[in-house]
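Breakdown of the fold
One letter stands for each residue in the lines below.
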Amino acid sequence: MSNIIQPQMQNAIPILTIAGSDCSGGAGIQADLKTFSAHKLFGMSVVLSVVAENTARVISSYDIPIQAIDEQFEAVFEDIPPNATKIGMLGSNAIIDCIEQNLLFYKPQNVVIDPVMFAKNGFPLMPKETRAYFKEKILKLCNVLTPNIPEAQELCGFDIHNVTDMKKAAQRLYDMGAKAVLLKGGHSEQNADDVFYNGEFHILPSPKIDTKNTHGTGCTLSSAIACNLALGFDSLTAIQRAKEYIFNAILYSLNLGKGNGPTNHFFR
């Protein structure tokens, strides 16, 4: 009698993050992969930068050589094409060129772009001279763009003080080429209401949570949106589901580190 056990094969939904690495595990690719796992998806990654950071500070950031980025794209897309792709930190014009060329070549579906410009402590992760290049090259390639208020101000060139300004900025970014824009209101003093625009405006209410533990919230939210797009939801429903996920990840956040602690990706 054979003692060989046949494997029970299961279907899996693959999803990709293209971003920088956060060695402390709260943001970047590490946060993305945790979010993918929390949604029971098979996560893959293309590493763009290695960032030495923790909950209190960023020490340094080093970009991966362009050839290595191209080869990571090749390895993923020739074998396991993802159902959705989340893109985070883009640290240089050369990396932006590389990402643009690979997106045009492989044509991934359900691209969510988080225009990461600053760490929680204000450290510039996207140099100022790179931001205009980002607008020119990348905005037109995303299905959902997820800037916060400071990032939207940088991309649009005007200050944002209220929901009216947020709506104006969301429409401006849509007109620049993004197919849908979620302008996050977490930096607002009144509440954390978001503005979603895809040709129609939707105000998505969010209460503020009184916590300092918000390291990686932008990465986690954009990854959760990508997860729900990969699962087949439309962009508005994907965002609503992702907002519920990030709300609880912050509500049950982890009290780790000396600065802004991480969210709890596995609160469930």
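Cut-offs applied
Residues numbered from 1 in each chain as written. Predicted model: local features only at pLDDT ≥ 70, side-chain atom pairs only at ≥ 80, totals over all residues. Heavy atoms only, no water. Buried < 20%, exposed > 50% of the residue type's maximum accessible area, 1.4 Å probe, protein only. Helix = DSSP H or I, 4+ residues; strand = E, 2+ residues; numbered from the N terminus. Arc of directions from axis to C-beta. Polar contact = N/O pair within 3.5 Å; in protein donor to acceptor, adjacent residues only side chain to side chain. Patch = residues over 30% accessible without salt bridge, like charges linked within 9 Å, V, L, I, M, F, W, Y side chains within 5 Å. Areas by Shrake-Rupley, 256 points an atom, 1.4 Å probe, with all protein chains shown as cover. Salt bridge = Lys/Arg side-chain N within 4 Å of Asp/Glu carboxyl O. Lys, Arg positive; Asp, Glu negative; His and termini not counted. Charge placed at Lys NZ, Arg CZ, Asp CG, Glu CD. Axes fitted to C-alpha atoms, helices over the stretch in contact; angles between N-to-C directions. Parallel < 35°, antiparallel > 145°, perpendicular 65-115°, else oblique. Left-handed = near helix turned anticlockwise from the far one by under 90°. Contact = heavy atoms within 4.5 Å.

Turning our attention to helix H5 (residues 149–156). Residues of H5 that are buried include every one of Ile-149, Glu-151, Ala-152, Leu-155 and Cys-156, and no others. Relative to the axis of H5, the buried residues are bounded by an arc of 160° and lie together on one face. A distance of 2.9 Å separates the backbone nitrogen of Glu-151 from a side-chain oxygen at the start of H5, and that oxygen is part of Asn-148. Backbone geometry just after H5 places Gly-157 at a positive phi near 85°.

Another aspect to go through is a negative patch on the surface. A cluster of acidic residues, Asp-70, Glu-71, Glu-74, Glu-78 and Asp-79, forms a negative patch at the surface. Note that Glu-78 resides in the loop between helix H2 (66–77) and strand S4 (85–87). Among the residues examined, Glu-78 registers a relative accessible area of 61% and is labelled exposed.

Looking now at the packing of helix H3 (residues 93–106) against helix H4 (residues 128–137). Here H3 crosses H4 at 15°, and the two axes come no closer than 9 Å. Put simply, H3 runs roughly parallel to H4. Once H3 is placed against H4, the crossing between them reads as right-handed. Seen from H3, the contacting residues are Asn-93, Ile-96, Asp-97 and Glu-100; seen from H4, they are Glu-129, Thr-130, Tyr-133, Phe-134 and Lys-137.

This brings us to unusual backbone geometry. Even without being a glycine, Lys-107 presents a positive backbone phi close to 50°. Considering the arrangement of structural elements, one finds Lys-107 in the loop between H3 and strand S5 (111–113). A positive phi angle, near 55°, is found at Asn-110, a position not held by glycine. Mapped onto the secondary structure, Asn-110 falls in the loop between H3 and S5.

Tracing the sequence through the fold places Asp-32 in helix H1 (residues 28–38). For Asp-32, a relative accessible area of 0% translates into the label buried. Side chain to side chain, Asp-32 and Thr-17 meet in a polar contact 2.6 Å long. Excluding residues that lie within four positions of it along the chain, Asp-32 makes contacts with Thr-17, Ala-19, Lys-86, Cys-219 and Ser-223.

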